[in-house]
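Working through the structure, step by step
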Amino acid sequence: MKTLFISAVCAASLGIMAAGCGGAHKNTETSADSAATPAAALLARLDSVAARGQVVFGHHDDTAYGHDWQYEQGRSDVLETAGEYPGMMNWDLGLIEYGDTANLDGVPFDFMREEIRSQHARGGINGISWHPRNPVSGGDSWDTSVSPMAEAVQAGTAVNDTLRAWIGRTADFVLSLTDDSGARIPVLLRPWHEHTGSWFWWGNDHCTPEQYKALWHLTREVFDARGVDNAVWVYSPDRIATPEEYTERYPGDEYVDILGADAYHFGGAEAADEFSARVRMQLDAAKALSASNGKIIALSETGSEGLPMADWYTTVLMPVLRDYPVAYVCVWRNAVDSVKPGHFYAPYAGHPATADFKAFTDDEKILMAGFND
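Quick caveat: nothing in here was measured; it's all calculated off a predicted structure.

Observations regarding the environment of G123
Its place among the elements puts G123 in the loop between α4 (109-121) and β5 (125-129). Classification of G123 as buried rests on a relative accessible area of 0%. For the pair G123 and G87, spaced 36 residues apart in sequence, the C-alpha separation works out to 7.8 Å.

Here's what the structure looks like:
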């Protein structure tokens, strides 16, 4: 059984690690007399994964619910098809900005915190995305009826004050993630994602490049002021028409640790070539930027809803992973079918794609968490 193991990070390796992982990150800086931060340790693990030519497989909300179940202890559609938990689990903090007890998909934050702890204990890693409400309209992340960006990044405005408070609540959640010994658990934090599209209020058509960069800077300012040292920062554009669009709104090397790409496959077999070309353009752009700053790259969010191709994992996704040094790949969630029919990205027991998925996860390239490290 392949497992994602925790590599020891020794003081002698810190200089190499910083050079290979974009050491300008404020939260991962180290000195001769200081221990590596949790974020630096996670970056070192992922750097090692990529250097070995392997990829951590991730799944959103993996243990919260699945095709025909929800909140059943120990269950996971990935576990029940692959035989192992995914190497990465992603969670979303949407609605934490309101002080709610559960996120936009109904997952309680206390449950999320415990599952992050469990995933960490089994040797896996965790990621966090955030779909915050529109701070002007009160609508969800997809409400683009009014753009808050100009006021959001201008100090002294009511919207800026609101956003600072919201970011602070996300920072407090990240700080609350500790293991049984009280040590902070590192997480991959992917804020303000898919900004090259315009479906979110922080997207391309709703702000200038300077405003988007300022949003990242504001977010880091709030996190750094709270002393967050367990967040690894992931930059994740979606569709781009040119490689230049990947970097147009890049907030700077000192603010980003991992160069990601979000890309979904729509349209089944007929659109497989189009998807492959699109995701390769994104990863080519990430790889080019990585060549200049030494940062890790990742396929940070992807998938094919409903898996209309029973061999999608081995014939569409795996060829991309073999051609790029991505440290991790994460597919989206498996919604409860009675609530949102057909909305799943990993097969469930009995689905026609199960055998292909098992072949994919059994490949030596793919890292899963497993039960034993």
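What follows picks up the thread again.
Some details on the side chain of E194
Inspection of the secondary structure puts E194 in the loop between β6 (187-190) and α7 (209-225). For the buried residue E194, which engages in no salt bridge, the nearest side chain bearing the opposite charge is R190, 4.7 Å off. With near-sequence residues (within four places) excluded, E194 lies in contact with W199, F200, S236, P237, D238, D262, Y264 and E301.

Quick look at the pairing of strand β4 (residues 88-92)
Burial runs high along β4: five of the five residues are buried. Here β4 shows a buried face lined by M88, N90 and D92 and a second buried face lined by M89 and W91. For strand β1 (residues 55-60) and β4, the ladder comprises three bridges, and the chain directions are parallel. Directly across from H59, in β4, lies its bridge partner M89. Note that β4 and β5 share five bridges and pair parallel. Each residue of the ladder has a partner; that of D92, found in β5, is S129. In this region the chain leaves β4, passes through α4 and returns to the parallel neighbour β5; the handedness of that crossover is right-handed.

A closer look at the packing of helix α10 (residues 312-323) against helix α11 (residues 354-362)
Between α10 and α11, the least distance of the axes is 8 Å, while the angle of their chain directions is 30°. Taken as axis vectors, α10 and α11 run roughly parallel relative to one another. Contacts from W312, Y313, T314, L317, M318 and L321 of α10 reach α11 at D356, F357, A359 and F360. Each residue belonging to the contact of α10 with α11 can be placed in one class, and the counts come to eight nonpolar, one polar and one charged.

Here we look at the nonpolar core
In terms of nonpolar packing, the biggest core is built from 90 residues, with F57, L163, F173, W192, Y313, L321 and F360 touching the most fellow members. Of all the elements, helix α6 (residues 158-175) adds the most residues to this core, at eight residues. By size, the runner-up hydrophobic cluster in this structure holds 19 residues, among which are L42, V49, I125 and L188.

Some points on the pairing of β1
Along any regular strand, the residues point their side chains to alternate faces of the sheet. Of all the six residues making up β1, six are buried; the element is thus mostly covered by neighbouring parts of the structure. Side chains V55, F57 and H59 project from β1 onto one buried face, and the interleaved V56, G58 and H60 project onto a second face that is buried too. Direction of pairing for β1 relative to strand β11 (residues 366-367): parallel, over a ladder of two bridges. Directly across from V56, in β11, lies its bridge partner L367. The pairing of β1 with strand β10 (residues 326-331) spans four bridges and is parallel. Its bridge partner lying in β10, V56 is registered against Y328.

Cut-offs and rules
Residues numbered from 1 in each chain as written. Predicted model: local features only at pLDDT ≥ 70, side-chain atom pairs only at ≥ 80, totals over all residues. Heavy atoms only, no water. Helix = DSSP H or I, 4+ residues; strand = E, 2+ residues; numbered from the N terminus. Buried < 20%, exposed > 50% of the residue type's maximum accessible area, 1.4 Å probe, protein only. Lys, Arg positive; Asp, Glu negative; His and termini not counted. Salt bridge = Lys/Arg side-chain N within 4 Å of Asp/Glu carboxyl O. Contact = heavy atoms within 4.5 Å. Pairing = 2+ DSSP bridges. Right-handed = clockwise from strand over helix to strand, strands pointing away. Axes fitted to C-alpha atoms, helices over the stretch in contact; angles between N-to-C directions. Parallel < 35°, antiparallel > 145°, perpendicular 65-115°, else oblique. Nonpolar A, V, L, I, M, F, W, Y, C, P; charged D, E, K, R; others polar. Core = buried A, V, L, I, M, F, W, Y, C linked by side-chain atoms within 4.5 Å.

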